[in-house]
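Fold and geometry: a report
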Amino acid sequence: MAKRSNMGHGFIRGWCFVFTLCVIQSNMIAFAILDPLDFLALQSIRKALHDLPGSNFFASWDFTSDPCNFAGVYCDANKVISLNLGDPRAGSPGLTGRVDPAIGKLSALAEFSIVPGRVYGPLPQSVSQLKNLRFLAVSRNFISGGIPATLGHLRNLRTLDLSYNQLAGEIPRSIGTLPELTNLILCHNHLSGSVPPFMSQSLIRLDLKHNGLSGSLAPGSLPPSLQYLSLAWNKLSGSADRFLSRLDQLNYLDLSLNQFSGTIPGRIFTFPITNLQLQRNQFTGSVEPADQVTIPTVDLSFNRFSGQISPLFSTVQNLYLNNNRFTGQVPASFVDRLLAASIQILYLQHNFLTGIEINPTAEIPLSSSLCLQYNCMVPPVQTPCPLRAGKQKTRPTAQCNEWKG
């Protein structure tokens, strides 16, 4: 009996050994699904990044299990094709640490993103090895240094979003040569230098606002495929007429807070734009739309535009023409639409306008705002103006006479 018992224990021990070996082998088979280089790359990436307090993104990253089941990791066959790091839900604390150069070892990667957080340091040059990369988005973090010029090697790249970081230096001209580029979003950084020409005929969105870019844009530097263009809050100068005329697909245009000069093309008001922001530049000359303007919001304030105000602007809902050098009478069509509450904002203050035909007892609708002060007339109706318009109701006569002369 004792012998049988021993034999029984030996059988159990042997069975356990075989079972354990089978489990180990099955796990090895599971892990073998992923390319070893990708497995090691993910390990390095994980070591360099950490959850911020309140984030639990890396909880599933247990390298004793299949990495293709990790949060944010997507595989095709034995390769990682998409890596989206961080909890994408709104308000998630995000991640901290650095982007490890091992990212360049994920040779099949087509998509790479990191949610907003506190990831710092440079964008590794090794990213440029990802020849299949189509989507690269690391926004609202603390990425610093320059934009690698070698990103121009990513000939399949369609979206590059490095906005709201600490990037400095110039936008590499190689970025402009990317043939498939559709979205380039580099706003809210510390970039300097000029805007490179863009060769991609599929570029739809270009957002470079809130940087330190300077210089002028060549006539053919932006493709006519653009639908969204924001260059606001830079130091750009020169004529905008030269590059705007061909951008007839635009539905959003913001060139505000630059040093652009010269005239603007009248045909720009026929583009399918819903929001036109040209304020705080050095534009000059008359403004002559080719047809009735249907753009809901037009801001031409704080420039040097002159001449009479075109009645074709009376169909604009929110119109900012203040702080220019417009002269003459305000067209009667403006008054009609203002009293009908079709115009919500009509700012004409700080010009050289000489009159507006409106009954002093007319009641401006509560939903509408009209400001006429500091022109070459006494405002016939008293309406509240923004505080920055000042307290003077009328421009000094000497200035008006000088402007007439």
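Keep in mind that this is a model prediction, so the values were computed, not measured.

Following the criterion strictly, the structure yields 4 salt bridges and no others. Here Asp35 ties to Lys79 by a salt bridge, and the two come within 3.8 Å at their closest N and O atoms. Residue Asp35 is found in the loop between α1 (2-31) and α2 (36-48), and its partner Lys79 is found in strand β3 (residues 79-85); the two are separated by 44 residues along the sequence. We classify Asp35 as buried; its relative accessible area is 17%. Judged by relative accessible area, which is 16%, Lys79 ranks as buried. Residue Asp38 pairs with Lys79 through a salt bridge whose shortest N-O separation is 3.1 Å. Highlighted residues: Asp38 in helix α2 and Lys79 in strand β3, separated in sequence by 41 residues. With a relative accessible area of 0%, Asp38 lands in the buried category.

As paired strands, β3 and strand β5 (residues 111-114) are joined by 4 bridges and run parallel to one another. Within β5, the position partnered with Leu85 by the bridge is Ile114. The sheet contact formed by β5 and strand β7 (residues 135-138) spans 4 bridges and is parallel. Bridging from a neighbouring strand, Ser113 pairs with Ala137 of β7.

A word on the packing of aromatic side chains. Tallied over the full model, the rule gives 14 aromatic pairs. Taking the centre distance of 6.0 Å and the plane angle of 10 degrees together, the rings of Phe283 and Phe305 count as stacked. Here Phe283, found in strand β20 (residues 282-285), pairs with Phe305, found in strand β22 (residues 304-308); they are 22 residues apart in sequence, far enough to count as distant. Taking relative accessible area as the criterion, Phe283 reaches 0% and is therefore assigned buried. Looking at Phe305, the relative accessible area reads 0%, which means it is buried. Pairing Tyr320 with Tyr347 gives two aromatic rings, centres 5.5 Å apart and planes at 85 degrees, and the pair type is edge-to-face.

About the cut-offs
- Residues numbered from 1 in each chain as written.
- Predicted model: local features only at pLDDT ≥ 70, side-chain atom pairs only at ≥ 80, totals over all residues.
- Heavy atoms only, no water.
- Salt bridge = Lys/Arg side-chain N within 4 Å of Asp/Glu carboxyl O.
- Helix = DSSP H or I, 4+ residues; strand = E, 2+ residues; numbered from the N terminus.
- Buried < 20%, exposed > 50% of the residue type's maximum accessible area, 1.4 Å probe, protein only.
- Pairing = 2+ DSSP bridges.
- Phe/Tyr/Trp six-rings, centres within 6.5 Å; stacked < 30°, edge-to-face > 60°.

Bear in mind that shape data such as this cannot, by itself, settle questions of function.
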